[in-house]
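Per-entry structural report
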Amino acid sequence: MNTARDMASLPNTEDVGLARVSAQELSRLLAQMPKAERAHVRLDGHDLILPRQALALLRDLLSEMAQGNAVTIVPTHAELTTQEAANILNVSRPYLIKLLEVGEIAHHKVNKHRRIRFDDLMAYKKQQALQSSNALDELAQQAQELGMY
């Protein structure tokens, strides 16, 4: 399993095509069988039973690969460095540290180093996306009221 520290490599052209077909088929199967909680998979003569949650995650992973994206799996309880968190938010490390210092994102210190839980970072990111969406809706409403559409 990759962590946030590992850099995933981009899938090659063959893998992108295979991922696209597999993601489509897995999406179709999950939609056809919404109550199925497990799947029986045979891999090189070995039988596996996978929970539905793992299948949904696999579908999402394949969808990202089908778009040519590298994929990294990070457990929600993982602790990130400030640089890793800044990379995920696509902001500078100094800006992220300011967010931590004013309490916008929960964090704790390990010796002198700040650590951010992945789920806390994602909660902040979700909150920011919601605020941005609300601001855009408000601007669109104002544009309509002013006849600027």
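For the structure, check the block above.
Keep in mind the model is a prediction, meaning the values are calculated, not measured.

**Structural notes on the overall build of the protein**
Across its full length, the protein holds 5 helices and 5 strands. Listed by position from the N terminus, the elements making up the protein come as α-β-β-α-β-α-α-β-β-α. What you see for the protein is a C-alpha radius of gyration of 20 Å, clearly larger than the 15 Å of a compact globule of 149 residues, by over 25%. Principal axes of the C-alpha set define a box for the protein whose edges measure 55 × 55 × 35 Å. Relative to its 149 residues, the protein shows a buried fraction of 19%.

**Here's the deal with the layout of surface pockets**
As a volume, the second largest pocket reaches approximately 270 Å³. Surrounding the second largest pocket, 11 residues form its lining, L57, L61, V71, T72 and I73 being those nearest its centre. Tallied by class, the residues present in the lining of the second largest pocket amount to 8 nonpolar, 1 polar and 2 charged.

**Remarks on the pattern of salt bridges**
By the definition in use, this model includes 5 salt bridges. Put simply, D47 and R42 hold a salt bridge, and the shortest N to O gap is 2.6 Å. With a relative accessible area of 48%, D47 lands in the partly exposed category. The class for R42 is exposed, based on a relative accessible area of 55%.

**Regarding the sheet that holds strand β4 (residues 108-110)**
One open sheet holds the 3 strands; their spatial order is β3-β5-β4, and the pairing between them is antiparallel. The sheet is open, and its two borders are formed by β3 (79-80) and β4, each paired with just one other strand. Across 2 bridges, the pairing between β3 and strand β5 (residues 113-117) is antiparallel. Along β5, the bridge assignment pairs L80 with I116.

Conventions used here
Residues numbered from 1 in each chain as written. Predicted model: local features only at pLDDT ≥ 70, side-chain atom pairs only at ≥ 80, totals over all residues. Heavy atoms only, no water. Helix = DSSP H or I, 4+ residues; strand = E, 2+ residues; numbered from the N terminus. Rg over C-alpha atoms; globule rule 2.2 N^0.38 Å. Buried < 20%, exposed > 50% of the residue type's maximum accessible area, 1.4 Å probe, protein only. 1 Å grid on protein atoms, 1.4 Å probe; cavity = no way out; pocket = protein on both sides within 12 Å on 5 of 7 lines; lining within 4 Å. Points joined across faces, edges and corners; volume = space filled by probe spheres on them. Nonpolar A, V, L, I, M, F, W, Y, C, P; charged D, E, K, R; others polar. Salt bridge = Lys/Arg side-chain N within 4 Å of Asp/Glu carboxyl O. Pairing = 2+ DSSP bridges.

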